[in-house]
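Residues per chain are reported as follows:
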Amino acid sequence: MAEKKLGRPVAFRGGGFAPVPRRWAGFAVFVSLILVAEWGTRAGWISALTLPRPSDVLDTFRELYASGMLFKHLGPSLSRLVVGAAIGVSLGISIGVLIGLFSYIRSGLVPLVAAIFPIPKIALLPLFVIWFGIGEGSKYALIAFGTFTPTVVATYGAVDNVDRTLIRMGQSFGLSWWSIVRKIVLPGAMPGILSGLRISLAIAIILLVAAEMLGAEYGIGAYILEAGSLYDLERLFAGVVILSVLGVVVSFGIGLIERYLLDWRL
Amino acid sequence: MDIRIDGISHCYGGVEVLRDISLDVSNGQIVCVVGPSGCGKSTLLRLIGGLEKPGSGQVLQMGDPPVGSLNPLTYIFQDFALLPWRTVAGNVSLVLEDHGIGAAAAQKIIDDVLMRTNLSDFSEALPKQLSGGMKQRVAIARALAVNPALLLMDEPLSALDSQTRELLMDDLIALWTRQPFTAIYVTHNLGEAVRLGHRVVVLSRRPGCVREIVDIDKPLSERAFGDADLEAPQKHLWQLMREEARAADAELVNG
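Attention here is on the structure that accompanies the text. (Residues numbered from 1 in each chain as written. Chains lettered and ligands numbered in written order. Predicted model: local features only at pLDDT ≥ 70, side-chain atom pairs only at ≥ 80, totals over all residues. Heavy atoms only, no water.)

### What to know about the overall build of chain A
Across its full length, chain A carries ten helices and zero strands. Scanning chain A from its N terminus toward the C terminus, one meets helices and strands in the order α-α-α-α-α-α-α-α-α-α. Here the C-alpha radius of gyration of chain A, 25 Å, is well above what a compact globule of 266 residues would show, namely 18 Å. Judged by the C-alpha coordinates and their principal axes, chain A covers about 85 × 65 × 30 Å. Relative to its 266 residues, chain A shows a buried fraction of 37%. Within chain A, contacts between residues at least 6 apart in sequence are counted, and of these 68% link residues at least 24 apart. (Helix = DSSP H or I, 4+ residues; strand = E, 2+ residues; numbered from the N terminus. Rg over C-alpha atoms; globule rule 2.2 N^0.38 Å. Buried < 20%, exposed > 50% of the residue type's maximum accessible area, 1.4 Å probe, protein only. Contact = heavy atoms within 4.5 Å.)

### Some thoughts on the pairing of strand β5 (residues 73–76) of chain B
Residues and elements named next belong to chain B. Judged by which residues are buried, β5 turns out to be covered on both faces: L73 and Y75 on one side and T74 and I76 on the other are all buried. The sheet contact formed by β5 and strand β6 (residues 150–154) spans four bridges and is parallel. Across the sheet, L73 pairs through a bridge with L150, a residue of β6. (Pairing = 2+ DSSP bridges.)

### Details of the layout of surface pockets
Remark: the empty space left among the atoms is shown by a probe the size of a water molecule rolled over them. As a volume, the largest pocket reaches approximately 790 Å³. Along its surface, the largest pocket is lined by 20 residues, and F30, I34, P54, V57 and V241 of chain A are the ones closest to its centre. At the level of elements, α1 (25–43), α2 (54–66) and α10 (233–261) of chain A are the ones that each hand at least two residues to the lining of the largest pocket. Within this model, the second largest pocket holds a volume of roughly 360 Å³. Every residue lining the second largest pocket is counted, 18 residues in all, and those nearest its centre are R116, L144, N147, P148 and Q179 of chain B. Listing elements by their share of the lining of the second largest pocket, those giving two or more residues are α3 (103–116) and α4 (132–145) of chain B. (1 Å grid on protein atoms, 1.4 Å probe; cavity = no way out; pocket = protein on both sides within 12 Å on 5 of 7 lines; lining within 4 Å. Points joined across faces, edges and corners; volume = space filled by probe spheres on them.)

### Regarding the pattern of salt bridges
Residues and elements named next belong to chain B. Inspection of every chain in the model, using the stated rule, returns 25 salt bridges over all chains. With a shortest N-O distance of 3.6 Å, E244 and R205 are connected by a salt bridge. Of this pair, E244 sits in helix α7 (residues 228–250) while R205 sits in the loop between β8 (199–203) and β9 (210–215), and the two are 39 residues apart along the sequence. The residue K218 makes a salt bridge to D229 at a minimum N-O spacing of 3.0 Å. One end of the pair, K218, is in the loop between β9 and α7; the other, D229, is in helix α7, with eleven residues separating them in the sequence. (Salt bridge = Lys/Arg side-chain N within 4 Å of Asp/Glu carboxyl O.)

### Here's the deal with empty space enclosed by the protein
All names here are of chain B. In this structure the tally under the stated criterion is one cavity of 30 Å³ or more. When its volume is computed, the largest cavity comes out at roughly 30 Å³. Lining the largest cavity, in full, are I30, M153, L172, F181, Y185 and L196. Split by residue class, the lining of the largest cavity holds six nonpolar, no polar and no charged. (Nonpolar A, V, L, I, M, F, W, Y, C, P; charged D, E, K, R; others polar.)

### Brief notes about the environment of C209 of chain B
As for its position among the elements, C209 of chain B is in the loop between β8 and β9. Each C-alpha atom, one on C209 of chain B and one on G35 of chain B, is 9.7 Å from the other, the two residues being 174 residues apart in sequence.

### Observations concerning α7 of chain B
Every α-helix winds through 3.6 residues per turn, so residues three or four apart in the chain are directed the same way. All names here are of chain B. A rise of 1.5 Å per residue sets the reference length of α7, with its 23 residues, at 33 Å; its end C-alpha atoms lie 33 Å apart and thus fit the reference within 8%. Within α7, the axis deviates most sharply at M241, by approximately 40°. Every buried residue of α7 is accounted for by L230, P233, L237, L240, M241, E244 and A248. Lining the buried residues of α7 we find β3 (30–34), α6 (190–196), β8 and β9. In this structure D227 caps α7, since a side-chain oxygen of it lies 3.0 Å from the backbone nitrogen of D229. (Expected span 1.5 Å × (residues − 1). Bend = angle between axes of the 7 residues up to and from the residue. Polar contact = N/O pair within 3.5 Å; in protein donor to acceptor, adjacent residues only side chain to side chain.)

### Focus on the sheet that holds strand β2 (residues 15–25) of chain B
Residues and elements named next belong to chain B. On the basis of which strands lie adjacent, the open sheet formed by three strands has the order β2-β1-β4 and antiparallel pairing. Lying at the two open borders of the sheet, with one neighbouring strand each, are β2 and β4 (56–62). Here the strands of the sheet are splayed against their neighbours by 10° on average, with no regard to which way each runs. Pairing between strand β1 (residues 2–12) and β2: seven bridges, direction antiparallel. (Axes fitted to C-alpha atoms, helices over the stretch in contact; angles between N-to-C directions.)

### Quick notes on the packing of α2 of chain A against α10 of chain A
All names here are of chain A. Across the interface, α2 lies against α10 with an axial gap of 8 Å and an inter-helix angle of 75°. By the angle class used here, α2 and α10 are roughly perpendicular. Contacts between α2 and α10 involve D56, V57, T60, F61 and L64 from the former and E234, R235, F237, A238 and I242 from the latter. Grouping the constituent residues of the contact of α2 with α10 by class yields six nonpolar, one polar and three charged. (Parallel < 35°, antiparallel > 145°, perpendicular 65-115°, else oblique.)

### Quick notes on the environment of G192 of chain A
All names here are of chain A. Note that G192 resides in helix α8 (residues 177–211). Judged by relative accessible area, which is 24%, G192 ranks as partly exposed. Separated by 92 residues in sequence, G192 and G100 have C-alpha atoms that sit 13 Å apart. When sequence neighbours within four positions are dropped, the list of residues in contact with G192 reads A154 and A158.

Pasting the structure below:
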């Protein structure tokens, strides 16, 4: 027999450490969790007091929709969310850019931002009521204040991370200060600002419920609080599901904006 | 317009990087500055273009820049410094936008410089789609768009592989032959220096001072890859730099 060199294939040991999107995995996790809850509550090993039956929550939700109350609650909540977050985010981005650009503003405001960041904004609700009244004003203020601080921190971090060589390039071509800010600093900071926005808007949804604790007749938060105080778990969960869906929608929306604005990224 | 560098010295926090550099660059000439790493070549270039203030001495523009020069002192950077969110045409357009020239005139300039750098077909491409050599061509096009009196080139080919480097050197020579430009070209690559330089300024190791100025008389257009006539000056330059480079290499960083 001819002597043939027997080679052993080199074992593959690279790969991994590079997550790729698996489209249906997230959906599958949701569905299986809900199915387990449904099965458990029907079979009886999860008592009705521990967790409401998902199908009952769905019924409650359907009822809410059929009675027209869904949009009666959703409307005011969405307007509070939009107005409050818009004020907080636009102020936050402006102040964040100023902190990123000017030494005195940075030294003056960074400690202040660090001081107000950890304050639970809910604790200041009475103060907001005195300042802005019990109506919509205090609710806008609470949400605006809550989204402001994370937006500031994300924005000035993003401005700090803008490639300095690009700024030097702008200066070397004699671009005006305003041109450099508008055409180099802001677009360069956009990835950081948008990822900060994901956090800020999630906080805005959290604070929406807090804002509606006081003197709100309609709103998702008011609906949840009322259900909670009555231990009506089905309605409580229906409300919570609405908030979750809102969060997913917001995150999806930012994803779309990112894909549109940041298609230049590698 | 000529440039006179008059007794420039510079320190970074107590470390002297440049000592009493004087140099004249006359119109239409490419002056290459070579020296061991850390000798302050790039600092010198930043001082000449006004991106940094010299500790002492001054840089003088002799005479007026040519009419229509939008940015007399213009850089080409080692890392290209292109805005990744702008297309090729957009990156060139950026440096024209602040000068109040009309959209039609700007478009004409953009078309012209992209044609001169063979980039016309790529005007709508984003930097991420381009190779390193193409990116540096865009940066060259951007620099040409402002009609500079003096190009300040900071190791423009150092980030490229050696084949691309040869191609771009040919491009630069072709551009210069068509329309001579004035340039200060900083490099650590002696091959580039003897291919592109009318004069080569050798700096010593830190603190950098002018060690010798070598003139190379052969016309740029007649120099070629592996040119035997360039062998002698390149060897001479290497002998000048060898000891400096060795000593610079053995120094502690920030020492």
